[in-house]
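# Descriptive analysis of the structure
In case you want the letters, here they are:
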Amino acid sequence: MTAVAIAVTGVAGTLGAALLTQRGAERAKRRELELGQAFQEARENLALRRDCYTRLYRDARQFATALNRHLLVLGARTPGEDDVRALEEAKDAHRNHWSETLMIAPDAVIAPGDTANQALTQVYAMVKRLEQGNAGSGETLRSAAEAQDGLWPLIKVMRHAMRQDLGVSGEF
């Protein structure tokens with residue numbers, strides 16, 4: 001090999017090594033950006049679920065409370081427009097946040113949430129039948145109040161599933 005060929009090979013090797021180092025650094029930087037983006041997306045997803053779960057839990061409790069209040073009104077008098085509106089608003093708020101939850105929550109949250117949602121809906125239907133004087137067989141203010149009281153453990157199980165999904169530990 002001639003001195004020129006050795007010099008060219010040396011320069012090519014030096015340039016090649018620099019190019020490989022640059023490509024490696026670019027790959028590492030790209031991977032770092034991807035990991036940062038994935039971490040940010042995971043954090044945003046967690047915040048979205050936490051906000052959704054908070055609203056759903058609050059609205060499920062408020063719906064159950066509104067059902068209780070409506071039953072108390074039914075026992076004392078004919079519900080007025082404000083009474084009916086309060087119950088409908090609580091039902092609508094719960095329904096809206098349940099719909100949102102269905103779009104973002106995993107099955108481990110959907111299952112107990114669905115159980116609570118169905119129970120809330122069934123008690124609501126019973127309360128409305130009582131309000132309208134169309135009570136079904138065995139439907140009384142007492143049986144509706146017992147069904148309404150049975151909502152709280154279901155809401156508690158739903159809350160536990162949401163907390164588990166969010167990584168919040170502790171007894172329920």
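Residues numbered from 1 in each chain as written. Predicted model: local features only at pLDDT ≥ 70, side-chain atom pairs only at ≥ 80, totals over all residues. Heavy atoms only, no water.

### A closer look at the nonpolar core
By size, the foremost hydrophobic cluster in this structure holds 29 residues, and its most contacted members are Phe63, Leu67, Leu87, Leu120, Val127, Leu151 and Met158. Top contributing element to this core by residue count: helix H3 (residues 107-131), with ten residues. Once residues within four sequence positions are removed from consideration, Leu67 is found in contact with Leu87, Leu120, Val123, Tyr124, Val127, Gln148 and Leu151. (Core = buried A, V, L, I, M, F, W, Y, C linked by side-chain atoms within 4.5 Å. Buried < 20%, exposed > 50% of the residue type's maximum accessible area, 1.4 Å probe, protein only. Helix = DSSP H or I, 4+ residues; strand = E, 2+ residues; numbered from the N terminus. Contact = heavy atoms within 4.5 Å.)

### Topic: the packing of helix H2 (residues 81-104) against H3
Closest axis-to-axis distance for the H2/H3 pair is 11 Å, and the angle between their directions is 160°. On the basis of the axis angle, H2 is roughly antiparallel to H3. Along this stretch, H2 crosses H3, giving a crossing that reads as left-handed. Residues Val84, Leu87, Glu88, Lys91, His94, Trp98, Thr101 and Leu102 of H2 form the contact with H3, whose participating residues are Val109, Ile110, Gly113, Asp114, Asn117, Leu120, Tyr124, Val127, Lys128 and Glu131. Split into classes, the residues belonging to the contact of H2 with H3 amount to nine nonpolar, four polar and five charged. (Axes fitted to C-alpha atoms, helices over the stretch in contact; angles between N-to-C directions. Parallel < 35°, antiparallel > 145°, perpendicular 65-115°, else oblique. Left-handed = near helix turned anticlockwise from the far one by under 90°. Nonpolar A, V, L, I, M, F, W, Y, C, P; charged D, E, K, R; others polar.)

### Here we look at the pattern of salt bridges
For the structure shown, the criterion picks out 13 salt bridges. Here Glu139 makes a salt bridge to Arg129, at a shortest N to O gap of 2.4 Å. One end of the pair, Glu139, is in the loop between H3 and helix H4 (141-149); the other, Arg129, is in helix H3, and ten residues separate them in sequence. Relative accessible area serves as the criterion here: at 31%, Arg129 is assigned to the partly exposed category. Residues joined by salt bridges that share partners form a network here, namely Glu88, Lys91, Asp92, Arg95, Lys128 and Glu131. (Salt bridge = Lys/Arg side-chain N within 4 Å of Asp/Glu carboxyl O.)

### Section: the side chain of His94
Along the polypeptide, His94 turns up in helix H2. Within polar-contact distance, the side chain of His94 engages the side chain of Asn117 at 2.9 Å. Look past the residues within four positions of His94 in its chain and what remains in contact with it is Leu56, Asp59, Ala60, Phe63, Asn117 and Leu120. (Polar contact = N/O pair within 3.5 Å; in protein donor to acceptor, adjacent residues only side chain to side chain.)

### Some points on the environment of Ala161
Inspection of the secondary structure assignment puts Ala161 in helix H5 (residues 151-166). Exposure remark for Ala161: the relative accessible area of 11% places this residue in the buried category. Not counting chain neighbours up to four residues away, the residues in contact with Ala161 comprise Ala108, Val109 and Pro112.

### Comments concerning the packing of H3 against H4
Helix-helix packing is characterised by the crossing angle of the two axes and by the distance between the axes. Closest axis-to-axis distance for the H3/H4 pair is 10 Å, and the angle between their directions is 160°. Here H4 runs roughly antiparallel to H3, going by the angle between their axes. As for the relative orientation of H3 and H4, their crossing is left-handed in sense. Contact with H3, carried on its side by Val123, Met126 and Leu130, involves Leu141, Ser143, Ala144, Ala147 and Gln148 of H4 and no other residues of that element. Counted by class, the contact of H3 with H4 contains six nonpolar, two polar and no charged residues.

### Describing H4
Every buried residue belonging to H4 is among Ser143, Ala144 and Gln148, and all of these are buried. Down the axis, H4 shows its buried residues gathered within 140° of arc, on one side only. Within H4, the exposed residues directed more than 90 degrees away from the buried face are Arg142 and Asp149. (Arc of directions from axis to C-beta.)

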